[in-house]
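For reference, the chains in residue letters:
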Amino acid sequence: MNMFDVEKIREQFPLLTQKVNGKNLVYLDNGATVQKPLRVIEKIKEIYTEYNSNIHRGVHYLSNKTTEAYENARETVRNFINANSTEEIIFTKGTTDAINLVAFSFGEKYIKKGDEILIAETEHHSNIVPWQMMCERKGAKIKVIPADNNGELILSEYKKLLNKRTKLVAVAQVANSLGIINPIEDIIYEARKTGAKTLIDGAQAVQHKSVDVQKLDCDFYAFSGHKTYAETGIGILYGKKELLNEMPPYQGGGDMIKSVSFEKTEYTDLPLKFEAGTSNYVGAISLGEAINFINSVGIEKIEKYETELLKYAEEKLSLINGLTIYGKSKNKTSAVSFLLKGIHFYDTGMILDKLGIAVRTGAHCAEPTMKNFGISGTVRASFAMYNTKEEIDKLYEGLLKVKNMLL
Ligand code: PLP
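Residues numbered from 1 in each chain as written. Predicted model: local features only at pLDDT ≥ 70, side-chain atom pairs only at ≥ 80, totals over all residues. Heavy atoms only, no water.

Turning our attention to the overall build of the chain. Per the secondary structure count, the chain includes 14 helices and 17 strands. Here the C-alpha atoms of the chain give a radius of gyration of 22 Å, agreeing with the 22 Å that 2.2 N^0.38 yields for 407 residues. For the chain, the spread of C-alpha atoms along the principal axes amounts to about 70 × 55 × 35 Å. Partitioning the intrachain contacts of the chain with sequence separation of at least 6 by distance along the chain shows that 71% fall at a separation of at least 24. As displayed, the chain offers around 17700 Å² of accessible surface, 50% of which is attributable to carbon and sulfur atoms. For the chain, the separation between the mean place of its 52 positive charges and that of its 51 negative charges on side chains is 4 Å. (Helix = DSSP H or I, 4+ residues; strand = E, 2+ residues; numbered from the N terminus. Rg over C-alpha atoms; globule rule 2.2 N^0.38 Å. Contact = heavy atoms within 4.5 Å. Areas by Shrake-Rupley, 256 points an atom, 1.4 Å probe, with all protein chains shown as cover. Lys, Arg positive; Asp, Glu negative; His and termini not counted. Charge placed at Lys NZ, Arg CZ, Asp CG, Glu CD.)

Written as structure tokens, this is what we have:
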């Protein structure tokens, strides 16, 4: 595909053609999860109809074939985020699981009483709660990088918070509830100066923009397959090899050992050391296929198209009297969070649903972000490569109807 042809792209997403409440579906809940292209759906079918067998365990044909596909997917992921080695690519259940892995394993090895972890005010709960649990276990403290009235992180405050006790800085590349792109390059650079390690939550980033973990020089990077056009229950933790090598395993079981006796167990090498038990190999292979799909469209083209879409959406929605957009920034991607004055977000979402328009309503697993704005939730429209300006027009018209009905 040379040009960005959104109609051709839409043809590859069978779910998008359905009607909801008698209306053509307008799916604008992509921040929560995206729909799957045919080639991913077909890949899953191919695995189960042609070569499904447990990986890394058999000498037989099917097991070798599935293992090969699984390890090829790991190489596809490595290439996608430009990691140095496949040993640095751990298959997890998703972003949440990846962050919990680091919170446990990195925590066990490196965190002591009195140490500090920095997270941002605009984090998803997945990048808050695992650190709280770790701090409780280890007697460490969480410090919060504040955001301004627009939801942008205040870098000068961040610099003040960094000190010798800071062991890790964990921030999202893109804040899920607002779509704001955080200045992670500066955040990583400053952390490095004090010797703190960095974890970037890329759950809302990799599907929208090109990511190069070596260029970023972050220590860990996490993302989810289901937001990246693959199956649910699969995700990625990237970690620098020297760190992962030093960290103890997160879970014990099959596949992560070299030898087991009742006296002593020897763990295996990276990356399998962190993949105990039967991993979601079908999900992993689907993620490889999803990345091949993204690559066939071109991540730069996707970024350009989605940026235009977001700009169009923000301009169009701003025309509605009484509509407030939360999280105004020049650096945004693919999500617009808003409220209509005097109308509860649930009512807006429910009426839009009657019109076939799917948006997310509530706190978006980011209660501290909402608190910063003094609200309990928003309506969030979030975009993927298959959305169109016509769909945004329908959202606009839908919101006018909501106003007419409720005000
Ligand atoms: N981090 C961010 C920024 C997210 O948007 C999400 C999900 O919405 C997560 C983490 C958690 O992802 P998952 O539920 O796939 O583990």
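Having seen the model, we can carry on.
We now examine the packing of aromatic side chains. In this structure the tally under the stated criterion is 14 aromatic pairs. Residues phenylalanine 345 and tyrosine 346 carry aromatic rings whose centres are separated by 4.8 Å and whose planes lie at 65 degrees to one another, so their mutual orientation is edge-to-face. Looking at phenylalanine 345, the relative accessible area reads 7%, which means it is buried. An aromatic cluster is defined as three or more aromatic residues linked by ring pairs; in this entry it consists of Phe13, Tyr229, Phe293 and Tyr386. (Phe/Tyr/Trp six-rings, centres within 6.5 Å; stacked < 30°, edge-to-face > 60°. Buried < 20%, exposed > 50% of the residue type's maximum accessible area, 1.4 Å probe, protein only.)

In this section: the packing of helix α3 (residues 61-81) against helix α10 (residues 281-297). It is the contact of α3 with α10, at a shortest axis distance of 8 Å, that shows an interaxial angle of 45 degrees. Between α3 and α10, the crossing angle belongs to the class labelled oblique. As α3 runs across α10, the sense of the crossing is left-handed. Residues Thr66, Ala69, Tyr70, Ala73, Thr76, Val77 and Phe80 of α3 lie in contact with α10, whose contacting residues are Tyr281, Ala284, Ile285, Leu287, Gly288, Ile291, Asn292, Ile294 and Asn295. (Axes fitted to C-alpha atoms, helices over the stretch in contact; angles between N-to-C directions. Parallel < 35°, antiparallel > 145°, perpendicular 65-115°, else oblique. Left-handed = near helix turned anticlockwise from the far one by under 90°.)

A few words now on the pairing of strand β14 (residues 335-340). Most of β14 is tucked away, with six of its six residues classed as buried. Neither face of β14 is left uncovered, since the one carrying Ala335, Ser337 and Leu339 and the one carrying Val336, Phe338 and Leu340 both have all their residues buried. Examined bridge by bridge, strand β13 (residues 323-326) and β14 share four bridges and lie antiparallel to one another. When the bridges of β14 are listed, tyrosine 326 appears paired with serine 337. With four bridges joining them, β14 and strand β17 (residues 378-382) adopt antiparallel strand pairing. Paired with valine 336 across the two strands is alanine 381, which belongs to β17. (Pairing = 2+ DSSP bridges.)

Looking now at the site of the ligand. Contacts to the ligand come from Thr95, Thr96, His124, Ser126, Asn176, Asp201, Ala203, Gln204, Ser224, His226 and Lys227. At 2.6 Å, a side-chain N or O of serine 224 approaches an oxygen atom of the ligand. Looking at the shell around the ligand residue by residue, the class counts come to one nonpolar, eight polar and two charged. (Near = heavy atom within 4 Å. Polar contact = N/O pair within 3.5 Å; in protein donor to acceptor, adjacent residues only side chain to side chain. Nonpolar A, V, L, I, M, F, W, Y, C, P; charged D, E, K, R; others polar.)

The peptide bond linking leucine 270 to proline 271 adopts the cis configuration, its omega dihedral lying at -5 degrees. Relative to the helices and strands, proline 271 is located in the loop between β12 (265-267) and α10. The backbone of aspartate 217 sits at a positive phi, close to 65 degrees, despite the residue not being glycine. In this fold, aspartate 217 is placed in the loop between α8 (213-216) and β9 (220-224). With a relative accessible area of 28%, aspartate 217 lands in the partly exposed category. Unlike most non-glycine residues, serine 334 shows phi in positive territory, near 60 degrees.

Using the criterion set out here, one finds 23 salt bridges in the structure. Among the salt bridges present, the one from aspartate 29 reaches arginine 360, with a minimum N-O distance of 2.9 Å. Residue aspartate 29 is found in the loop between β3 (26-27) and α2 (38-51), and its partner arginine 360 is found in strand β16 (residues 360-362); the two are separated by 331 residues along the sequence. According to the relative accessible area criterion, aspartate 29 is buried, its value standing at 7%. For glutamate 275, the salt bridge goes to arginine 74, with nearest N and O atoms at 2.7 Å. (Salt bridge = Lys/Arg side-chain N within 4 Å of Asp/Glu carboxyl O.)

Reading across the sheet, the seven strands line up as β4-β10-β9-β8-β7-β5-β6 and stay open at both edges, with mixed pairing between neighbours. What marks the edges here is a single partner per strand, and that holds for β4 (89-92) and β6 (141-145). Averaged over neighbouring strand pairs, the angle between their axes works out to 20 degrees when direction is ignored. Bridge count for β4 against strand β10 (residues 235-239) is four bridges, and the pairing is antiparallel. From the neighbouring strand, phenylalanine 91 faces β10, where its bridge partner is isoleucine 236. Sheet contacts for α3: β4, β9 and β10; angle to β4, the most-contacted strand, approximately 115 degrees.

Turning to helix α14 (residues 389-406), a few remarks are in order. Taking 1.5 Å of rise per residue, the 18 residues of α14 would be expected to cover 26 Å, and the 26 Å separating its terminal C-alpha atoms lies within 8% of that figure. Every buried residue of α14 is listed here: Glu391, Ile392, Asp393, Leu395, Tyr396, Gly398, Leu399 and Val402. (Expected span 1.5 Å × (residues − 1).)

Now for the sheet that holds β16. Adjacent strands of a sheet pair through backbone hydrogen bonds, lying either parallel or antiparallel. The strand order across the open sheet formed by four strands is β13-β14-β17-β16, and the pairing between neighbours is antiparallel. A strand with exactly one partner marks an edge of an open sheet, and here the two such strands are β13 and β16. Neighbour to neighbour, the strand axes of the sheet diverge by 30 degrees on average, direction disregarded. Helix α11 (residues 299-318) contacts β13 and β14 of the sheet and is inclined by roughly 10 degrees relative to β14.

Most of β9 is tucked away, with five of its five residues classed as buried. On β9, burial covers both faces: Phe220, Ala222 and Ser224 on one face and Tyr221 and Phe223 on the other are all buried. Relative to β9, strand β8 (residues 197-201) is paired through three bridges, and the arrangement is parallel. The residue of β9 that forms the bridge with isoleucine 200 is tyrosine 221. As paired strands, β9 and β10 are joined by five bridges and run antiparallel to one another. Bridge pairing in β10 places tyrosine 221 opposite tyrosine 238.

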